[in-house]
2 protein chains.
Amino acid sequence: MGERVLYGYWRSSAAYRVRIALNLKGLSYQQRSIHLIKNGGEQHSAEFQQLNPNQLVPVLVDGDWVLNQSLAIIDYLDETYPDQLLTPQDPQRRYLVKALAQDIAIDVHPLNNLRVLQYLSGQLNVSDEDKNQWYHHWIHQGFSALETRLAASSGQYCVGDEVTLVDVCLVPQVYNANRFNVDLSGYPIIERVTMSLNDLDAFKRAAPEVQPDANAGS
Amino acid sequence: MGERVLYGYWRSSAAYRVRIALNLKGLSYQQRSIHLIKNGGEQHSAEFQQLNPNQLVPVLVDGDWVLNQSLAIIDYLDETYPDQLLTPQDPQRRYLVKALAQDIAIDVHPLNNLRVLQYLSGQLNVSDEDKNQWYHHWIHQGFSALETRLAASSGQYCVGDEVTLVDVCLVPQVYNANRFNVDLSGYPIIERVTMSLNDLDAFKRAAPEVQPDANAGS
């Protein structure tokens, strides 16, 4: 194994997930910032496309492996470095963790991604107000259902008292929702769990504001 | 274990994935149609929300288990009924299969879902032509990258010569793209693999047109 390098961006939710997972597992990594705005977006450069033709961050290079898709990366980390399992082995909890993580990572996040918001403003000429409502709409759709489910599953964290993949997906999504001034007071469990998680060192060190490329742009 | 019931809709890509997986594994199931258009969408009914607060299909009831999120359902099926594994055990292939499946199920499908197209037409008052371009845009974004990756991974199917989760995600996405008249001639590997897959009995029996609720509406 050579060195471990994470290509990401401070405000990318998907990169944020991978930083949390690496930190939870105590795995060291270097970071390369792919500026998603500057020069029309460095993720579109020919050089980056060699790493990821999808033109999205994150990409994790772990020795000989070049990996994309944050959930697939985290599963790889879980299977390769099983010390702190983010997806539990018990079948019922295993299914539940995956489904709840996907409730965030599939039903919410892809709709509120930078490239989607850019398409709304650009090609569709949608007003800032309508774009903002779009953002809020998908957060509320997703978080309403999630809050209902967490009422049954949560302990200190989303599923019981161990940190899981759901937590790894939730914190970046809440961070993002706060950026867009979404009122989350209707989701007391989501708020409580997020507060507990943000007290953990692995989450603190993964926060956008403390990354080397923080404030490099929106 | 009691009976197995799939709540879905003939044209739902995510339900289509689960039908394929069940068929590949030789698991019998009953179907309950949740009409996504009629009466403002039966997925929004109080009764269905008891099964799935996310108000999305599919839901699989397998004995005591009530499962949502098609990818989590298929992982559950793979782990519970491992006869024909859709996600292989070998670490490299395992990662690759998950990442490619997510390239479709996360980067493409959520953006072109019914509820998103309804939001574009409704709340955003986007014209049919612009909505169509939106649809085509995300297919081309996703399929361009996928075609590049399949050049390295494909054999008879998306990853080598065994049917995997990638194939299970690809066929419904291609079906959907064809409905929206997307020109797929620039993706010869996607077209070739899809044609091979559609020759398989498990895929044929999962096709939207042969479901009991086919042509019940768009």
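Conventions we followed
All residue numbers refer to positions counted from 1 along the written sequence of the respective chain. Chain A is the first chain written and ligand 1 is the first ligand written, with later ones labelled in order. Selection of residues for local features in this predicted model requires a pLDDT of at least 70, selection of side-chain atom pairs for listing and counting requires 80 or more, and totals for whole chains, interfaces and linings are taken over all residues. Excluded from the side-chain calculations are hydrogens and water; all other atoms, namely the structure's heavy atoms, are used. Helix and strand labels come from DSSP, where a helix needs a run of H or I of at least four residues and a strand needs a run of E of at least two; each type is numbered from the N terminus. Contact criterion: two residues are considered in contact whenever any of their non-hydrogen atoms come within 4.5 Å of each other. For two strands to be treated as a pair, DSSP must find at least two bridges joining them. Each axis is a line fitted through C-alpha atoms, taken for helices only over the stretch in contact, and angles between the N-to-C directions span 0 to 180 degrees. With respect to orientation, any angle under 35 degrees is reported as roughly parallel, any angle over 145 as roughly antiparallel, any angle of 65 to 115 as roughly perpendicular, and every other angle as oblique. In this scheme, a crossing is called left-handed if the near helix is turned counterclockwise away from the far one by less than a right angle; it is called right-handed if the turn is clockwise. Amino acids are sorted into nonpolar (Ala, Val, Leu, Ile, Met, Phe, Trp, Tyr, Cys and Pro), charged (Asp, Glu, Lys and Arg) and polar (every other residue, Gly among them). Superposition of the copies used a least-squares fit over C-alpha atoms from residues whose pLDDT is at least 70 in both. For the exposure calls, accessible area comes from a 1.4 Å probe over protein chains only, and a residue counts as buried if that area is under 20% of its type's maximum, exposed if over 50%, partly exposed in between.

What follows deals with the environment of A:Leu86. All names here are of chain A. Within the secondary structure, Leu86 sits in the loop between helix 3 (70-80) and helix 4 (91-105). Taking the C-alpha atoms as reference points, Leu86 and Glu162, 76 residues apart in sequence, are found 8.7 Å from one another. What Leu86 contacts, discounting residues up to four positions off in sequence, is Ala21, Leu24, Lys25, Ile74, Asp78, Val97, Val163, Thr164, Leu165 and Val168.

Here we take up the sheet that holds strand 3 (residues 59-62) of chain B. Residues and elements named next belong to chain B. Taking strand neighbours across the sheet as the criterion, the four strands line up as 2-1-3-4 in an open arrangement whose pairing is mixed. Each of the sheet's edge strands pairs with one partner strand only, and the pair in question is strand 2 (30-33) and strand 4 (65-68). With direction set aside, neighbouring strand axes in the sheet form an average angle of 20 degrees. Sheet topology places strand 1 (residues 4-8) next to strand 3; four bridges connect them, and they run antiparallel. When the bridges of strand 3 are listed, Leu6 appears paired with Leu60.

Residues and elements named next belong to chain A. With their axes 8 Å apart at the nearest point, helix 4 and helix 7 (residues 165-179) run at an angle of 15 degrees to one another. Classified by the angle their axes make, helix 4 and helix 7 are roughly parallel. Every pair of crossing elements has a handedness; the one defined by helix 4 and helix 7 is left-handed. For the pair formed by helix 4 and helix 7, the contact residues are Val97, Leu100, Ala101, Ile104 and Ala105 on the first element and Leu165, Val166, Cys169, Leu170 and Gln173 on the second. Of the residues assigned to the contact of helix 4 with helix 7, the class counts are nine nonpolar, one polar and no charged.

Here we come to the relation of the copies chain B and chain A. Each copy of the sequence occupies a distinct position, and chain B is placed on chain A by a rotation of 180 degrees and an axial shift of 0.0 Å, giving an RMSD of 0.0 Å. What the superposition gives is, in effect, a two-fold axis relating one chain to the other. When C-alpha distances to the rotation axis are compared across chain B, the minimum falls at B:Ile106, with a value of 2.8 Å. A high fraction, 100%, of the interface residues of chain B reappear at the interface in chain A, so the copies pair face to face through one surface.

Residues and elements named next belong to chain A. Judged by how many residues are buried, strand 1 (residues 4-8) sits mostly within the fold: five of five residues are covered. Side-chain alternation along strand 1 places Arg4, Leu6 and Gly8 on one buried face and Val5 and Tyr7 on a second face that is also buried. Of the pairings in the sheet, the one linking strand 1 to strand 2 (residues 30-33) comprises four bridges and is parallel in character. Along strand 2, the bridge assignment pairs Leu6 with Gln31.

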